[in-house]
Amino acid sequence: MAAGGEGNALTVTVPPEQWLALGRAARESLGCGYFNFSSAVDWKEEGLEVVARVENLDAGFSLTMKTRLGPGVTSVASLTSLWRGADWMEREGWDMFGIRYEGHPDLRRILLSQDWEGHPLLKSYAVDTPYPPYR
Amino acid sequence: MEVKAPVPQIPPPVWTEFKDLQEWEKYRQSRPEGDKHSGLFEAVTDGIYNFPGGFVVTSLADGFLNWARKSSVWPVTFGLACCAIEMMATFASRFDVERLGMVPWASPRHSDLMIVSGTVSIKMAPMLKRIYDQMPDPKWVVSMGSCANSGGPFRHGYHVVKGVDRVVPVDVYVPGCPPPPESLLNGLLILQDQIAHFRKTGERAKPSAKID
């Protein structure tokens, strides 16, 4: 576990098996009741990194949570049991990066159509793949 | 005895379950020309045209009908992106397309023209096709802006249709990113010029040579 940041913002990096525990600590100990966003970064051969930012609006404190999934791993615990705001954000993570959020109640595509193939924000996705008649 | 309330089972929306769109598409495939051709009408007009001196009558009738068509082109308001702001400025009082007989109308079933103003995404393209199919014939399409013409700056995006002419036939392309209202107004005047030379041949009007 590594922490850094400045002012009232803190960045915490944990291994993926402690992802839900970190979320619970942020929710219950730090009082971060506002789920700002969740996204991911594709570091190519180093694998995916999941990023989530939660805030305590009363104290003006924000916590950025990061976890490296490792090469080839696409599964991480879902934060929807702690914040309902994580629902659509994690659906977007599944849609764009193909990350399977374990424990998500309704993990399906949110932005792209349901019959879409592939996850377009991965670095390995070829954007000029023919999609007749549109692309 | 405990009575449980029934849990509503709402199935997730799957786009392939919309049967009516597919059946409408099948219907369209069986009648590719739409309402543009009617056998009786063609026989009557051919008879009049082949009668000695009859071509004067058909030319006059065509000219009158085309004058009527071009004088009341009602565009369906189909704003997709920032080009729609310029389209709204064109519809508003300063540039005032109403003096050309154009009324921005919020229903495709009463409209003759669709101004595709903005980026068409792959998820939006079937809906655009559906709105185009709901418009009565004869109908025209103006592609407004770089995005609708070719994909524009988002051409290499994963979700962008590379030109709306891959979905619907386009009559006038208006370049620009976004085109200013003067540019769109020029495009609409060019469209009126095309409509003035419209023939019931089932083919699209050729661009006139006087446009530079």
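The structure this text deals with has already been given above.
All figures in this text were calculated on a predicted structure; none of them were measured in a lab.

Trainee: Is there a simple way to think about the overall build of chain B in this case?
Mentor: Broken down by element type, chain B carries 7 helices and 4 strands. Across chain B, helices and strands are ordered from the amino to the carboxyl terminus as α-α-α-β-α-β-α-β-α-β-α. Sorting the 212 residues of chain B into buried and exposed places 33% on the buried side. Per element, the accessible surface of chain B, about 12600 Å² overall, is 62% carbon and sulfur.

Trainee: Can you help me understand unusual backbone geometry in this one?
Mentor: Leave glycine aside and you will find that most residues have negative phi; peptide bonds, for their part, are mostly trans. A cis amide bond links C177 of chain B to the next residue, P178 of chain B, at an omega of -10°. Tracing the backbone through its elements, the reader meets P178 of chain B in the loop between β4 (172-174) and α7 (181-196). Phi is positive for K44 of chain A, which is not a glycine, with a value near 55°. Topologically, K44 of chain A is positioned in the loop between β3 (34-42) and β4 (48-56). One non-glycine residue with positive phi stands out, namely D96 of chain B, at about 50°. For D96 of chain B, the position within the fold is in the loop between α4 (83-91) and β2 (113-117). D96 of chain B sits in the partly exposed class, given a relative accessible area of 28%.

Trainee: Even after reading the chapter, I still don't get the packing of helix α2 (residues 39-50) of chain B against helix α3 (residues 54-71) of chain B, so can you show me in this structure?
Mentor: Between two packed helices, what matters for the description is the angle formed by their axes and the separation of those axes. Residue and element names in this part refer to chain B. Relative to each other, α2 and α3 sit at 130°, their axes nearing to 5 Å. Taken together, α2 and α3 sit at an angle that is classed as oblique. Each of T45, I48 and Y49 in α2 lies in contact with α3, whose residues at this interface are G54, F55, V57 and T58. Residue classes in the contact of α2 with α3 are distributed as 4 nonpolar, 3 polar and no charged.

Trainee: Where do I start with the interface of chain B and chain A in this structure?
Mentor: It is common to report an interface's size as the accessible area lost on association of the parts. Each side of the interface is counted separately: chain B has 16 residues, and chain A has 17 residues. Summing both sides of the interface, chain B and chain A together bury roughly 1400 Å²; the carbon and sulfur share of this comes to 63%. Three residues stand out in chain B for area buried against chain A, namely I122, K123 and Y158 of chain B, and they jointly supply 46% of the buried area on that side. Taken together, the connections running from chain B to chain A amount to 0 salt bridges. At the surface where chain B touches chain A, the tally comes to 1 residue pair in polar contact (both at pLDDT 80 or more). Of the residues that constitute the side of chain B that touches chain A, the class distribution is 10 nonpolar, 3 polar and 3 charged.

Trainee: How should I be thinking about the side chain of D42 of chain A in this particular structure?
Mentor: Residue and element names in this part refer to chain A. Note that D42 resides in strand β3. Of the side chains bearing the opposite charge, K123 lies closest to the buried D42, which forms no salt bridge; the N-O distance is 6.6 Å. A distance of 3.0 Å separates a polar atom in the side chain of D42 from the backbone nitrogen of K44. Separated by 2.7 Å, the side chain of D42 and the backbone nitrogen of K123 make a polar contact.

Trainee: Would you mind showing me how to read helix α1 (residues 19-28) of chain A here?
Mentor: Residues that lie three or four places apart on an α-helix share one face, since the helix turns once every 3.6 residues. Residue and element names in this part refer to chain A. Regarding α1, the residues found buried are W19, L22, G23 and A26. For α1, the buried positions fall inside an angular range of 100° around the axis, keeping them on one side. As for α1, its buried residues are in contact with β2 (9-14), β4, β5 (61-70) and β6 (75-77).

Trainee: Whenever I open this one, the nonpolar core confuses me. Can you help?
Mentor: Within soluble globular proteins, side chains that are nonpolar tend to cluster in buried spots. One finds M65, L79 and W83 of chain A together with L128 of chain B to be the most contacted residues of the largest nonpolar core, which totals 48 residues. Within the residue set of this core, elements represented by two or more residues are β2, α1, β3, β4, β5 and α2 (86-97) of chain A together with β2 and α5 (125-134) of chain B. Among all residues touching M65 of chain A, those that are not within four sequence positions of it are V12, W19, L22, G23, V50, V51, A52, V54, L79 and W83 of chain A. F91, M102, I115 and V174 of chain B belong to the second-largest nonpolar core, a separate cluster that totals 22 residues.

Trainee: Looking at this model, I keep getting lost on the pairing of β4 of chain A. Mind explaining?
Mentor: Strand residues, when the strand is regular, have side chains that alternate between the two faces of the sheet. Residue and element names in this part refer to chain A. For β4, the buried fraction is high: 8 of the 9 residues fall into the buried class. Pairing geometry for β3 and β4, over 8 bridges, is antiparallel. Bridging from a neighbouring strand, S39 pairs with V51 of β4. Between β3 and β4, which pair antiparallel and follow one another directly, the connecting turn spans 5 residues, one of which, K44, has a positive phi of 55°. By the bridge criterion, 9 bridges tie β4 to β5 in an arrangement that is antiparallel. Residue pairing in the sheet places E55 in a bridge with S62 of β5.

Trainee: What should I look at first to understand the pattern of salt bridges in this one?
Mentor: It is possible for side chains bearing opposite charge to pair when their charged atoms get close. Residues and elements named next belong to chain A. Tallied over the entire structure, the rule returns 6 salt bridges over all chains. Here R68 and E46 are joined by a salt bridge, their closest N and O atoms 2.9 Å apart. Here R68, found in strand β5, pairs with E46, found in the loop between β3 and β4; they are 22 residues apart in sequence, far enough to count as distant. The residue D95 makes a salt bridge to R109 at a minimum N-O spacing of 2.6 Å. Remark: R109 occurs in the segment after β7 (100-102) and D95 occurs in helix α2; sequence separation between them is 14 residues. The same class applies to D95 as to R109, namely buried. If you follow the salt bridges from partner to partner, you end up with E46, E49 and R68 in one network.

Rules used in this analysis
Residues numbered from 1 in each chain as written. Chains lettered and ligands numbered in written order. Predicted model: local features only at pLDDT ≥ 70, side-chain atom pairs only at ≥ 80, totals over all residues. Heavy atoms only, no water. Helix = DSSP H or I, 4+ residues; strand = E, 2+ residues; numbered from the N terminus. Buried < 20%, exposed > 50% of the residue type's maximum accessible area, 1.4 Å probe, protein only. Areas by Shrake-Rupley, 256 points an atom, 1.4 Å probe, with all protein chains shown as cover. Axes fitted to C-alpha atoms, helices over the stretch in contact; angles between N-to-C directions. Parallel < 35°, antiparallel > 145°, perpendicular 65-115°, else oblique. Contact = heavy atoms within 4.5 Å. Nonpolar A, V, L, I, M, F, W, Y, C, P; charged D, E, K, R; others polar. Buried area = accessible area lost by both parts, 1.4 Å probe. Salt bridge = Lys/Arg side-chain N within 4 Å of Asp/Glu carboxyl O. Polar contact = N/O pair within 3.5 Å; in protein donor to acceptor, adjacent residues only side chain to side chain. Lys, Arg positive; Asp, Glu negative; His and termini not counted. Arc of directions from axis to C-beta. Core = buried A, V, L, I, M, F, W, Y, C linked by side-chain atoms within 4.5 Å. Pairing = 2+ DSSP bridges.

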